[in-house]
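Understanding the architecture of this molecule
Residues per chain, in single letters:
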Amino acid sequence: MNETVDRIVSDLIDQKISNIELMGDNGLGPLLLLSYDQLMQNHDHGNVLNTHFHQISDLVNRPLVHSSFCSGLVGLGWLINHLIEIKIIDKKFSQFLVDVDKIAIYNCINLLKSNKHDFLHGATGNCIYLLSRLKKLSNPNIISDLILQLIKTSCIDLNGMYWIDDPAEDGENLRIINLGLAHGLASKIVLLSNAVRLGLSEEKIRDSLKRCCDFLLSAKKKKLGRSFYPDVLLDNDSDRDSRMAWCYGDLGIGIALWRAGDALNNTDIQNQAVNLFKMSIGRRKPEQTSIVDAGICHGTVGIALMYNRMYMSTGIKSLKDESNFWLWNSCEYANFNDGIGGFKTKYSLKYGGWQNDSGLLEGASGIALGILSCLENRHYNWDQCLLLS
């Protein structure tokens, strides 16, 4: 498997960074990969990393730069802060982060006013970044205020706390409650868990975290299909199936519940998370998983990474065995002579079908980072940006 990582690194070593997207193609994924390849495998990429930082400096000065976690300045800020923490770069970039802090606070306030609260593109992602900067913020209390404002945008019923998405684009005014890690309730649970663990003392945050867990547990399907939880809850359909993936599905929900149980010191919630992972072992057929490629977002490496994280948290060997299955299964997708290390990403026909993608979330950088992490079994925390650590 190390050879697979080396092939990807070799194909990406000269890749130019042409945008500041943390997650997307032609963005910052190769920079994160080369940093960890240097850290974990003692490969010297110093000159290439310096070139990348010069390219980034040019990009951030262009107009119309987005500010989301997924594809904008906030994601870049998270990456720079993380690379300082792991000593890949020095603290001379700290002033840039002070500017990003201000942008993230301003952006978060406006996103909350517009009910844009998801992780990848909305207020939750901005709060995740600001929590990573908690000890360095000029006013650390602002993050508590923002999280409390996020909580005010929620709904509460007898089952617990949740957030409603904007109405469906088809014009049907359905109540949509997204449960997933990329855009939904699971990401809010991770955010609130992080806040509690970092010592934000407002009882409202702890209480909200528990209420979110209550609602999520209540959303478990009554009629078992290929998944235990639906991807979203709709007014007219509460028994939808969900794919096996990072973005949606049982494993992301399990990660969120584990993080919440740890933060609240609640073994009942943690046991729910462990049981969800255990019951998902052996769900491997394509018709059960909807897997078509190897990327983190909805492919084999994402599943391997989540099982490995839960193994590292619990020591349960069957979770490591399942992680290994998906890790080795990933090699079956490295079958393109013109791919990046042999890998391509499957898009819909509308977007071109099989494409080379260097990105972190769906592409080759994420595949290599996921493989490295599963092989090393060490607590490198680059996957904080995926809400896994």
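The text that follows walks through the structure, step by step, so that each part is easy to find.

Criteria and cut-off values
Residues numbered from 1 in each chain as written. Predicted model: local features only at pLDDT ≥ 70, side-chain atom pairs only at ≥ 80, totals over all residues. Heavy atoms only, no water. 1 Å grid on protein atoms, 1.4 Å probe; cavity = no way out; pocket = protein on both sides within 12 Å on 5 of 7 lines; lining within 4 Å. Points joined across faces, edges and corners; volume = space filled by probe spheres on them. Helix = DSSP H or I, 4+ residues; strand = E, 2+ residues; numbered from the N terminus. Nonpolar A, V, L, I, M, F, W, Y, C, P; charged D, E, K, R; others polar. Salt bridge = Lys/Arg side-chain N within 4 Å of Asp/Glu carboxyl O. Buried < 20%, exposed > 50% of the residue type's maximum accessible area, 1.4 Å probe, protein only. Axes fitted to C-alpha atoms, helices over the stretch in contact; angles between N-to-C directions. Parallel < 35°, antiparallel > 145°, perpendicular 65-115°, else oblique. Left-handed = near helix turned anticlockwise from the far one by under 90°. Contact = heavy atoms within 4.5 Å. Phe/Tyr/Trp six-rings, centres within 6.5 Å; stacked < 30°, edge-to-face > 60°. Lys NZ or Arg CZ within 6 Å of the ring centre and 35° of its normal. Expected span 1.5 Å × (residues − 1).

Before going further, it helps to examine the layout of surface pockets. In this structure, the largest pocket spans a volume of roughly 720 Å³. Taken together, 26 residues line the largest pocket, and the ones lying closest to its centre are Asn194, Arg197, Arg259, Gln384 and Ser389. Those elements that place two or more of their residues in the lining of the largest pocket are helix H4 (73-85), helix H6 (123-132), helix H8 (185-197), helix H10 (250-264) and helix H13 (300-314). With 4 residues, H10 is the largest single contributor of residues to the lining of the largest pocket. Split into classes, the residues belonging to the lining of the largest pocket amount to 11 nonpolar, 7 polar and 8 charged.

Here we come to the pattern of salt bridges. Overall, the coordinates contain 11 salt bridges when judged by the stated rule. A salt bridge links Asp101 to Arg133, with the nearest nitrogen and oxygen atoms 2.9 Å apart. Residue Asp101 is found in helix H5 (residues 94-113), and its partner Arg133 is found in the loop between H6 and helix H7 (141-152); the two are separated by 32 residues along the sequence. Across this residue pair, the class does not change: Asp101 and Arg133 are buried. For Asp338, the salt bridge is made with Lys344, and the minimal N-O distance between the two is 3.1 Å.

With that settled, consider the packing of H5 against H6. Axis separation between H5 and H6 bottoms out at 9 Å; the angle between their running directions is 150°. Relative to H6, the element H5 is oriented roughly antiparallel. Considering only the axes of H5 and H6, their crossing is left-handed. Contacts between H5 and H6 pair Leu97, Val100, Asp101, Ala104, Ile105, Asn107, Cys108, Leu111 and Leu112 from the former with Ala123, Asn126, Cys127, Tyr129 and Leu130 from the latter. Taken together, the residues that form the contact of H5 with H6 break down as 11 nonpolar, 2 polar and 1 charged.

The subject of this paragraph is the environment of Ser35. Looking at the secondary structure, you find Ser35 in helix H2 (residues 29-41). The spatial distance from the C-alpha of Ser35 to the C-alpha of Asn19 is 18 Å, given a sequence separation of 16 residues. For Ser35, the residues in contact, after removing those within four places along its chain, are Leu49, Leu83 and Ile88.

This structure, assessed with the given rule, holds 8 aromatic pairs. On the basis of an interplanar angle of 85° and a centroid distance of 5.7 Å, the ring pair of Tyr36 and Tyr380 is categorised as edge-to-face. On the criterion of sequence distance, the pair formed by Tyr36 in helix H2 and Tyr380 in the segment after helix H15 (364-376) is long-range, its members being 344 residues apart. Summarising the aromatic geometry, the rings of Phe325 and Trp326 are spaced 5.0 Å apart at their centres and angled 85° between planes, so their arrangement reads as edge-to-face. Note on Phe325: relative accessible area 29%, which makes it partly exposed. The class of Trp326 is buried, set by a relative accessible area of 2%. An aromatic cluster is built from Phe69, Trp78 and Phe119, whose rings are joined through pairwise contacts. Looking at Arg284, its charged tip hangs above the ring of Phe325, at a distance of 3.8 Å from the centre.

Tallied over the full model, the rule gives 2 cavities of 30 Å³ or more. If you add up the space inside the largest cavity, you get close to 40 Å³. Taken together, Leu305, Asn308, Arg309, Met312, Ser373, Arg378, Tyr380 and Asp383 form the lining of the largest cavity. At 4 residues, the largest contribution of residues to the lining of the largest cavity is made by H13. Split into classes, the residues belonging to the lining of the largest cavity amount to 3 nonpolar, 2 polar and 3 charged. Lining of the second largest cavity is provided by Ile340, Phe343, Lys344, Thr345, Gln355, Asp357, Gly363, Ala364 and Ile367.

What follows is about helix H14 (residues 317-329). With 13 residues, H14 extends 18 Å from end C-alpha to end C-alpha; this agrees with the ideal 18 Å at 1.5 Å per step. Considered for burial, the residues of H14 that qualify are Leu319, Lys320, Glu322, Ser323, Trp326, Leu327 and Asn329. Buried positions along H14 lie against helix H11 (267-280), helix H12 (286-289), H13 and H15.

Distances and angles like these do not, on their own, reveal function.
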